[in-house]
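Chain and residue survey
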Amino acid sequence: MSPAKGSNIFSGYRALALYCNQVPHVVRFHQKHREFYLVTAVGAAFHTYNVKKLGIVAVSNALPEDITCLAADRMLVFAAHGNSVKAFARNKEIVHSYKGHSAEVHLLLTFGDHLISVDRDNRLIVWDVQSEEEYLQLNFDKIVFTVSALLHPSTYINKILLGSQQGSLQLWNIKSNKLVYTFQGWGSGVSVLQQAPAVDVAAVGLASGQIIIHNLKYDETLMKFQQDWGPITAISFRTDGYPVMAAGSPMGHVGLWDLEEKKLISQMREIHTTAISGLTFVHGEPLLITTGEDNAIRVWIFDAPEGGGRLLRCRLGHSAPPTKVKYHGSDGQNILSSGQDGTLQSFSTIHERFNKSLGRGSINKKKSKKKGLKYDTLKLPPITTFTSESARQSDWDGIVACHQGYLISTTWNYQKTSMGAHKLEPQRFVKDYSLDIYSTAVDITSCGNFAIVGLSSGHVDVYNLQSGIHRGQYGKDKAHEGQIRGVAVDGLNQLTITAGGDKMIKFWKFKSKELMYTTTLDASPASILLHRDSGMLAVAVDDFRIAILDSETRKFVRRFTGHQNQINDMTFSPDGRWLISASMDCTVRTWDLPSGCLIDCFLLNSAAVSITMSPTGDFLASAHVDDLGIYLWSNKTLYNIISLRPLPADYQPSFVMLPGVCQQQELESSDNEEEVEDQMIEYDSSEQLGEQLVTLSLLPESRWKNLLNLDVIKKRNKPKEPPKVPKSVPFFIPTVPGLVPHFAAVEQQTAEDQSKVVNLGILAQKTELYMQLEGALNTNNYDHAIKLLKGMGPSNIDIELRGLAPEGGGSVDVMLSFLKMISYMLDSKREFELTQAYLALYLKLHLKIIAVEPVLLEEMSKISVLLEETWTRMQLLFNQSMCLLGYMKSALL
């Protein structure tokens, strides 16, 4: 079977929690907006933020590969990926492409109307930005001069300065293609070149940690500084009147140097947990922007007299991949995420300014703050699983977390954005810490008062979240013989469900802790998930199957098979109709519980370790292996009519790219196939589902409901005085009156046609409906006549029926034909309400004529029999339905 394209239900929306990486950022000034913008690389795309509020302004279209370096001029942003370079306009669309390198491009520099790029093979190419043509190409010997840094010195026309890993510098004139001067260097590789505020002066950052302030004109070293934190990664100068230089390091420290007094004035330690990848002072302002490999952007303001900076604003993501994500609250606007970096963070799906960092776990917060992050021996391991409840979060802690290989469970406070007041520790293991016992599962009751914690030893404990006091355990000694794989509490605090490594699922009374029921599985459960509203318990089993257990009847109601590897996470849709599961086989599957079928499945390039569905049902959020981002998938069924059909057993899922990853090629190839698929899925309803079924028309009530009361309506709406003709009537194209107005055809009359003799044939002109009824007496085909009536308004129908009588210009034969049309409509059981309305009006208008015409009386008796049969059958069906409904409402089941 050929694989389908994409997912039927979910569509990639956007990525959260991604801000920057190891690629140095770029700061641009927008002349029209008079505002500074920050451009950072995030995988295969780049983000643009305004410096004023750090709000995201734009996300670029994705490239086929990850971005390796960035550059920007007044109009365009340049991004290198692989051995090619792309130019973006409006921070989004690719407008130019530069191809000519045979190796990965790692350096870019804008140079007026030109762009300079350097690849790993040591080839330098100067491009004309608009024509995309090569202007110049320089090749350097890797052994002698490996280009590692680029700089265009201010006021040096047509000249660029190149730094090398060997330590020497070269000044080139790219217009004449000549080497102007060679600087011997300082015995260490050049890592950074930066223009100083003074003309002819540049700062050279070396791999040895030295910073050289050098005069290029006279080849003189003005001053030297030494940092002991490894190679210099970035340099920037203040331009707001203070002679200060900032230098970054691989350890996350920044040194601030006074250029007048030639000394270190301040150290900003551990401002990033990884290397400083970018460092820029905003021109003319006391603001320093720093970015690092730890996925964090920080803006520092220098307003203190001692010269150090304080944090003004920041955007933080996880510096290590997330382990679990979960929507917090009932509004579906915040996602809680725990990462391998040990932090717990909240990301808003609305705007980054609502993001919160709850910090990282620590045994003793006060001691940890004194020691600092790098030397914190009291920090807790990463969070493996957590649960949250917003019911009492304003009164006490509403989040409980389990840590990797750690016995104590920690509480967290969402409103205070910090670690909570309590550490939930079972007293039975306090004396013996040598036991390899740790917390594995946790749940909070819907009221927010109690936390249930499962341990690897098989114990399940209950704690009060307000006081942190232990309130009992399930089972006399242990709840299970094996490790606890999952715990859950129902919505009314009546039932606690535990799953253990001993292949058993146990149901306990929440309050008395008594065991009520035990069921055994074929294999050990990996995890459980309870949908509190419906009482359905999803159990992921180690043999890659999913079982659905009804917590009311204690019976398995559904079993799903299809995953080929370990099931990482599951989530229910808000209404409990769908179960969505993610596995290490890189698939995300959606199961329909009422039908027991797989209705959607798609394949990803990296397995989802955790998924969560929004309480409002609009988004699915996922976290993936070795990926720092949280990806949002929109639920297409909320805004599209989608036919969800059961997928066959041999269904092959198609590959779907993560949101924000290049999808142009995939979209181009699948456009035609998607159109065909849409045509196949679209369902056209027939006019009548069955010949025995009474079918109504699709016309609005206004077209037939008021036919009997038309004379009353006309009398009520009669104008009190005749309409006044305006003095100057504007030009209008004549139209034919009707429900769907259309322009009247222009009739050109010749002189011969303009006769003064009255043509009496015009007065007796037959309407189209009249002629159709006349013709139908012979053919017995009334479809066209019915179509004409359906297209008329109430007033037109009234006029047409009045014209059927002999005194109105009609005949008894046409009146008989109309009754036969009514019989035809009743026989076919279509347009049922229209038939009743037309017949009622006909009888109201022509009852006296029918009484004296035997032909019409005979036809009316046939219609009467047909009506009685139809109504009797419908009445029987109504009575049966009402009886069944009454029984369902009153019977004790």
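Residues numbered from 1 in each chain as written. Predicted model: local features only at pLDDT ≥ 70, side-chain atom pairs only at ≥ 80, totals over all residues. Heavy atoms only, no water.

**Some points on the pattern of salt bridges**
Here is the rule we go by: Salt bridge, as used here: a side-chain nitrogen of Lys or Arg that lies within 4 Å of a carboxyl oxygen of Asp or Glu. Classification of residues uses two cut-offs on accessible area relative to the type maximum, computed with a 1.4 Å probe and protein chains only: under 20% is buried, over 50% is exposed, and between them is partly exposed.
Evaluation of the coordinates by the stated rule reveals 20 salt bridges. Put simply, Lys263 and Glu261 hold a salt bridge, and the shortest N to O gap is 3.1 Å. Take Glu261: its relative accessible area is 52%, and that puts it in the exposed class. For Asp294, the salt bridge goes to Arg298, with nearest N and O atoms at 3.9 Å. One exposure class covers both Asp294 and Arg298, and it is buried. Overlapping salt bridges bring together Glu389, Asp443 and Arg532 as one network.

**What to know about the sheet that holds strand β16 (residues 169-173)**
Sheet strands pair by backbone hydrogen bonding; their relative direction is either parallel or antiparallel. Note the following rule: Whether two strands pair depends on DSSP finding at least two bridges between them. Each helix corresponds to a stretch of at least 4 residues labelled H or I by DSSP, and each strand to a stretch of at least 2 residues labelled E; elements are numbered beginning at the N terminus. Each axis is a line fitted through C-alpha atoms, and for a helix only the stretch in contact is used; angles between axes span 0 to 180 degrees, taken between their N-to-C directions.
With antiparallel pairing, the four strands of this open sheet are ordered in space as β14-β15-β16-β17. Because the sheet does not close on itself, it has two edges, and the strands there are β14 (147-151) and β17 (178-183). Sheet twist, expressed as the mean angle between neighbouring strand axes with direction ignored, is 25°. As judged from the four bridges shared by β14 and strand β15 (residues 159-164), these two strands associate in the antiparallel manner.

**Things to note about helix α8 (residues 812-828)**
Formally: Helix span, as expected, comes to 1.5 Å for every residue beyond the first. Here, residues are in contact when the closest pair of their heavy atoms is within 4.5 Å.
Across its 17 residues, α8 extends 25 Å between first and last C-alpha, which sits within 8% of the 24 Å expected from 1.5 Å per residue. Among the 17 residues of α8, 12 are classified as buried, and the element is accordingly described as predominantly covered. Burial in α8 covers these residues: Val814, Met815, Leu816, Ser817, Phe818, Leu819, Met821, Ile822, Ser823, Met825, Leu826 and Ser828. Elements in contact with the buried residues of α8: α5 (768-779), α6 (783-790), α7 (794-802), α9 (832-852) and α10 (854-890).

**Some words on the environment of Leu788**
Relative to the assigned elements, Leu788 resides in helix α6. Counting along the chain gives 20 residues from Leu788 to Glu768, while the straight-line C-alpha distance between them is 8.4 Å.

**Regarding the pairing of strand β20 (residues 210-215)**
Among the six residues in β20, six count as buried, and that is most of the element. Between the end of strand β19 (residues 201-206) and the start of β20, which pair antiparallel, lie three residues, with Gly209 showing a positive phi angle near 95°. Both β20 and strand β21 (residues 220-226) contribute to a ladder of six bridges, which runs antiparallel. Looking at β21, one finds that Ile211 is bridged to Phe225. As consecutive antiparallel partners, β20 and β21 are separated by four residues, and within that stretch Asp219 has a phi angle of approximately 55°, a positive value.

**Comments concerning the sheet that holds strand β29 (residues 310-316)**
Here we have four strands laid out as an open sheet, ordered β26-β27-β28-β29, and antiparallel in their pairing. Both edges of this open sheet fall to β26 (276-281) and β29, since each of them pairs with a single strand only. Direction aside, the axes of adjacent strands within the sheet are offset by 15° on average. Inspection of the sheet shows strand β27 (residues 287-292) paired to strand β28 (residues 296-301) by five bridges, in the antiparallel sense. Across the sheet, Leu288 pairs through a bridge with Trp300, a residue of β28.

**A look at a nonpolar patch on the surface**
So the rule is basically this: Candidates for patches are residues over 30% relative accessible area with no salt bridge; among them, like charges are joined within 9 Å and nonpolar side chains (Val, Leu, Ile, Met, Phe, Trp, Tyr) within 5 Å. Only the protein chains shown count as covering a residue, and every accessible area follows the Shrake-Rupley method with a 1.4 Å probe.
A surface patch of nonpolar side chains, about 360 Å² in accessible area, is lined by Leu884, Tyr887 and Met888. Looking at the secondary structure, you find Leu884 in helix α10. On the basis of relative accessible area, Leu884 is assigned to the exposed category, the value being 55%.

**Considerations on the confidence of the model for the protein**
Keep this limit in mind: Scored from 0 to 100, pLDDT reflects the predictor's confidence in each residue.
On average, residues of the protein score 88 in pLDDT, and 90% of them reach the 70 mark or higher. For residues 758-762, every residue scores under 50 in pLDDT, and the model assigns this stretch zero contacts once sequence neighbours within four places are set aside.

**Focus on the pairing of strand β3 (residues 35-42)**
Within β3, eight of the eight residues are buried, which leaves it mostly tucked inside the rest of the structure. With burial as the criterion, each face of β3 is covered, one bearing Glu35, Tyr37, Val39 and Ala41 and the other bearing Phe36, Leu38, Thr40 and Val42. Where strand β2 (residues 26-30) and β3 come together, five bridges link them in antiparallel fashion. Directly across from Val27, in β3, lies its bridge partner Leu38. Between β2 and the antiparallel strand that follows it, β3, lie four residues; Arg34 among them carries a positive phi value of about 55°. In terms of strand pairing, β3 meets strand β4 (residues 45-50) through six bridges, oriented antiparallel. Bridge pairing in β4 links Leu38 to Tyr49.

**A closer look at unusual backbone geometry**
A positive phi angle, close to 65°, is found at Lys513, a residue other than glycine. Within the fold, Lys513 resides in the loop between β44 (504-509) and β45 (515-520). A positive phi angle, close to 60°, is found at Lys829, a residue other than glycine. Inspection of the secondary structure assignment puts Lys829 in the loop between α8 and α9. On the basis of relative accessible area, Lys829 is assigned to the buried category, the value being 18%.

**Focus: the nonpolar core**
Nonpolar side chains in soluble globular proteins tend to be buried together. Heads up, the rule is: In these notes, a set of buried Ala, Val, Leu, Ile, Met, Phe, Trp, Tyr and Cys residues joined through side-chain atoms within 4.5 Å is what counts as a nonpolar core.
Grouped together as the largest cluster of nonpolar side chains are 41 residues, with contacts concentrated most on Leu773, Leu804, Phe818 and Met821. If you list the elements that add at least two residues to this core, you get α5, α6, α7, α8, α9 and α10. In this structure Leu804 touches Tyr770, Leu773, Gly810, Ser811, Val814, Met815, Phe818, Tyr842 and His846, once residues within four positions along its chain are discounted.

**Describing empty space enclosed by the protein**
Let me state the cut-off plainly: A cavity here means a set of 1 Å grid points, computed over protein atoms only, where a 1.4 Å probe fits but cannot escape. A pocket is an open set with protein on both sides within 12 Å along at least 5 of 7 lines, and lining residues have an atom within 4 Å of a point. Grid points are joined across faces, edges and corners, and a volume is the space filled by probe spheres set on the points. Just so you know the grouping, Ala, Val, Leu, Ile, Met, Phe, Trp, Tyr, Cys and Pro go in nonpolar, Asp, Glu, Lys and Arg go in charged, and all remaining residues, Gly too, go in polar.
For the structure shown, the criterion picks out one cavity of 30 Å³ or more. Within this model, the largest cavity holds a volume of roughly 50 Å³. Lining the largest cavity, in full, are Arg28, Phe29, His30, Tyr37, Arg74 and Asn91. Residues belonging to the lining of the largest cavity are distributed by class as follows: two nonpolar, two polar and two charged.

**Some thoughts on the packing of aromatic side chains**
The test is simple: Ring pairs shown here join Phe, Tyr and Trp side chains whose ring centres sit within 6.5 Å, with only the six-membered ring taken for Trp; geometry is labelled stacked below 30 degrees between planes, edge-to-face above 60, and tilted in between. Sitting over a ring, as applied to charges here, requires NZ of Lys or CZ of Arg to be within 6 Å of the ring centre and within 35 degrees of the ring normal.
Inspection of the entire model under this criterion finds 19 aromatic pairs. With centroids separated by 6.4 Å and ring planes inclined at 40°, the aromatic side chains of Tyr19 and Tyr49 adopt a geometry described as tilted. Residue Tyr19 is found in the loop between β1 (10-16) and β2, and its partner Tyr49 is found in strand β4; the two are separated by 30 residues along the sequence. Each member of the pair Tyr19 and Tyr49 is classed as buried. Taking 5.4 Å as the distance between ring centres and 45° as the angle between the ring planes, the aromatic pair formed by Phe602 and Trp633 counts as tilted. Taken together, the residues span a long stretch of sequence, with Phe602 in strand β53 (residues 597-603) and Trp633 in strand β56 (residues 630-635) at a distance of 31 residues. Taken together, the aromatic side chains of Phe78, Tyr98 and Trp127 make up a single cluster linked through ring pairs. Geometry around Phe507 places Arg554 over its ring, the cationic atom sitting 5.4 Å from the centre. In this structure, Arg559 packs its charged tip against the face of Phe556, placed 4.6 Å from the ring centre.

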